[in-house]
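Here is how the chains run, residue by residue.
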Amino acid sequence: MKFEFFGMEYLKVLIADFRYFLKKGKNRRNLVLLTIVVLMIGAFQAGKGLSGGKKYIMGSGRSVAALSRQSGDEAASFPMKVTARKGRVKMTEEIILTIKGKKAKKNTDPAEKPEDKVQRVLNNAISEVESSKNKKVELPQSLSDGTVLRWEDNSRRNPLSVILLIPGFTCLLYWNEKSKEKKRIKENEDDVVRSLPSFNDQLLMLLNCGMIVNDSLICITDGYSGREKKGYFQEILIDMQKQAADTGKTMVSVFCERANRLGIRELSRLAGIITDHQLRGNDITGKLESESEMLWTKRKQAAEEQGKLAETKLTFPLAILLVSLTVIVAAPAVIQVKGG
């Protein structure tokens, strides 16, 4: 029951998130444009059929009664499926019916099997159709020996199938946006992990100089505000300072609230140290010194992981380069051996 409840809750969250995705103005415009394009393609396929003036003229049911081309003098190809039936013998073939006006010779063999006879009759019927020079070619539905023919459009054009592109592309756009969002969140977390060691050392230095925590945070943030190039961590600190000024809260309270809301482990741990100092009066400098070692170690590990990842990404291009170099070096020798 717990698993079902968790599944239903997850499904509800996913549906709500997907609705929020559809309500965005940019996504809505893209989907409307996609729908218009898909409907135009479907209408074109349903109305025009084959290009170049070629058309299937339908008969009873799904069978094709005749074919139409732009001119009787020009060759035209039609994907077809023809079924020949005579008694218990039934034969179906998928062919490309090319009407080019050349007559085919008929060969008869009195000793042939029933299946071979039906095959020969079917081939003769196809040859007669292909030899036609008319703009509109009538397809035979039966032959003089009693063989029944059924012609079908085999171009596999289904205008309704094009409509399936709409939900497909919608899911693709949703997945692409979520992938970008996850990548952005990961980059922001990496920026915080890279920035926290120096921030922690700055905070520790100012506290050792006799400043209180709130004033130290404001001083560090003022220094970040003067920089031309700011990272994600610097931007959220500046935003914290603006929020504190607008709401009348202290910088410490805003910092702790934002850290808990972001959910980054290293930042939450630092906010916990500051909170303990504010509520219980614990020694903050000693904890910040221990935290500094952990943060710098974490940053070194992250740098090593990025280096290994870069090496892995370069492996495939390096392999292609080595193969290309081998081919360039060995090709003259191979040509010379073959020539000799």
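Data block above holds the structure.
Thresholds applied
- Residues numbered from 1 in each chain as written.
- Predicted model: local features only at pLDDT ≥ 70, side-chain atom pairs only at ≥ 80, totals over all residues.
- Heavy atoms only, no water.
- Helix = DSSP H or I, 4+ residues; strand = E, 2+ residues; numbered from the N terminus.
- Buried < 20%, exposed > 50% of the residue type's maximum accessible area, 1.4 Å probe, protein only.
- Contact = heavy atoms within 4.5 Å.
- Areas by Shrake-Rupley, 256 points an atom, 1.4 Å probe, with all protein chains shown as cover.
- Core = buried A, V, L, I, M, F, W, Y, C linked by side-chain atoms within 4.5 Å.
- Patch = residues over 30% accessible without salt bridge, like charges linked within 9 Å, V, L, I, M, F, W, Y side chains within 5 Å.
- Salt bridge = Lys/Arg side-chain N within 4 Å of Asp/Glu carboxyl O.

Visitor: Looking at this structure, I do not really get the overall build of the protein. What am I missing?
Guide: Within the protein, the secondary structure is distributed over 10 helices and 6 strands. Relative to its 340 residues, the protein shows a buried fraction of 30%. Counting contacts in the protein only where the partners sit at least 6 residues apart, residues at least 24 apart contribute 59% of the total. Taken as a whole, the protein presents about 22,800 Å² of accessible surface, with 58% of it coming from carbon and sulfur.

Visitor: I would appreciate a short explanation of the nonpolar core in the present structure.
Guide: Nonpolar side chains tend toward joint burial in soluble globular proteins. Counting 31 residues, the largest nonpolar core has Phe-199, Phe-233 and Phe-255 as its most contacted members. Mapped onto this core, the elements with two or more residues apiece are helix 5 (165–208), helix 6 (213–225), helix 7 (232–247), helix 8 (251–262), helix 9 (265–280) and helix 10 (284–339). When residues in this core are grouped by element, the largest group, 7 residues, is from helix 5. With residues up to four places along the chain from it excluded, the contact list for Phe-255 reads Phe-199, Leu-217, Leu-237, Met-240, Leu-267, Leu-270, Ala-271 and Ile-274. Among the nonpolar cores identified, the runner-up in size contains 18 residues, and Phe-78, Ala-84, Ala-125 and Leu-139 belong to it.

Visitor: Explanation requested: a nonpolar patch on the surface in the structure shown.
Guide: On the surface, Leu-165, Phe-169, Leu-172 and Trp-175 cluster together into a nonpolar patch covering about 420 Å² of accessible area. Tracing the backbone through its elements, the reader meets Leu-165 in helix 5.

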